[in-house]
Amino acid sequence: MAKKAVASLQKGGGKEFTKVVITTKSAKTGAYTFKESMVHNDKVKEVVAAASK
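What you are looking at is a predicted structure, and each value in this text was computed from that prediction instead of being measured.

Visitor: So what exactly am I meant to see when it comes to the overall build of the protein here?
Guide: The helix and strand inventory of the protein stands at 2 helices and 2 strands. Going from the N terminus to the C terminus, the protein shows its helices and strands as α-β-β-α. For the protein, with 53 residues in total, the buried portion stands at 8%. Counting only contacts in the protein whose residues sit at least 6 apart along the sequence, the fraction spanning at least 24 positions is 26%. If you sum the accessible surface of the protein, you get close to 4,800 Å²; carbon and sulfur atoms cover 59% of it.

Visitor: For this particular structure, what's the right way to read the pairing of strand β2 (residues 32-40)?
Guide: Where a strand is regular, its side chains alternate between the two sheet faces. Bridge count between strand β1 (residues 17-25) and β2: 9 bridges; the pairing is antiparallel. Bridge assignment links T23 to a residue of β2, and that residue is F34. Adjacent in sequence and paired antiparallel, β1 and β2 are bridged by 6 residues, among which G30 carries a positive phi angle near 85°.

Visitor: Is there a simple way to explain a nonpolar patch on the surface in this structure?
Guide: A surface patch of nonpolar side chains, about 350 Å² in accessible area, is lined by V21, Y32 and F34. In this structure, V21 sits in strand β1. You can call V21 partly exposed: its relative accessible area is 44%.

Thresholds, definitions, all that
Throughout this document, residue positions are counted from 1 along each chain, in the order its sequence is written. Owing to the predicted nature of the model, reporting of local features is limited to residues with pLDDT of at least 70; listing and counting of side-chain atom pairs is limited to 80 or more, with chain, interface and lining totals taken over all residues. Only heavy atoms go into the side-chain values, all of them from the structure, while hydrogens and water stay out. Each helix corresponds to a stretch of at least 4 residues labelled H or I by DSSP, and each strand to a stretch of at least 2 residues labelled E; elements are numbered beginning at the N terminus. Per-residue accessibility, obtained with a 1.4 Å probe over protein chains only, is compared with the maximum for each type, and a residue is labelled buried under 20%, exposed over 50%, and partly exposed between these values. Contacts were defined at the residue level, with two residues in contact if any of their heavy atoms lie within 4.5 Å. A 1.4 Å probe and the Shrake-Rupley method give the accessible areas. Residues count as covered only by the protein chains that appear here. For two strands to count as paired, DSSP must find a minimum of two bridges between them. For patch detection, residues must exceed 30% relative accessible area and be free of salt bridges, and they are connected within 9 Å for like charges or within 5 Å for nonpolar side chains (Val, Leu, Ile, Met, Phe, Trp, Tyr). Salt bridge, as applied in this entry: a Lys or Arg side-chain nitrogen positioned within 4 Å of an Asp or Glu carboxyl oxygen.

Shown next as structure tokens:
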């Protein structure tokens with residue numbers, strides 16, 4: 001059986017990170033794409049602000 005990613009992040013320093021999912025819509029096709037990244041809690045607002053520009 002595979003281990004859950006969330007369970008492994010709760011051990012050690014994993015609580016200091018947040019999974020950020022950014023959604024963008026393609027102007028060409030109209031399809032949505034998702035970009036996922038693990039970001040340190042101190043940098044979440046910066047990443048979201050940069051993506052919304």
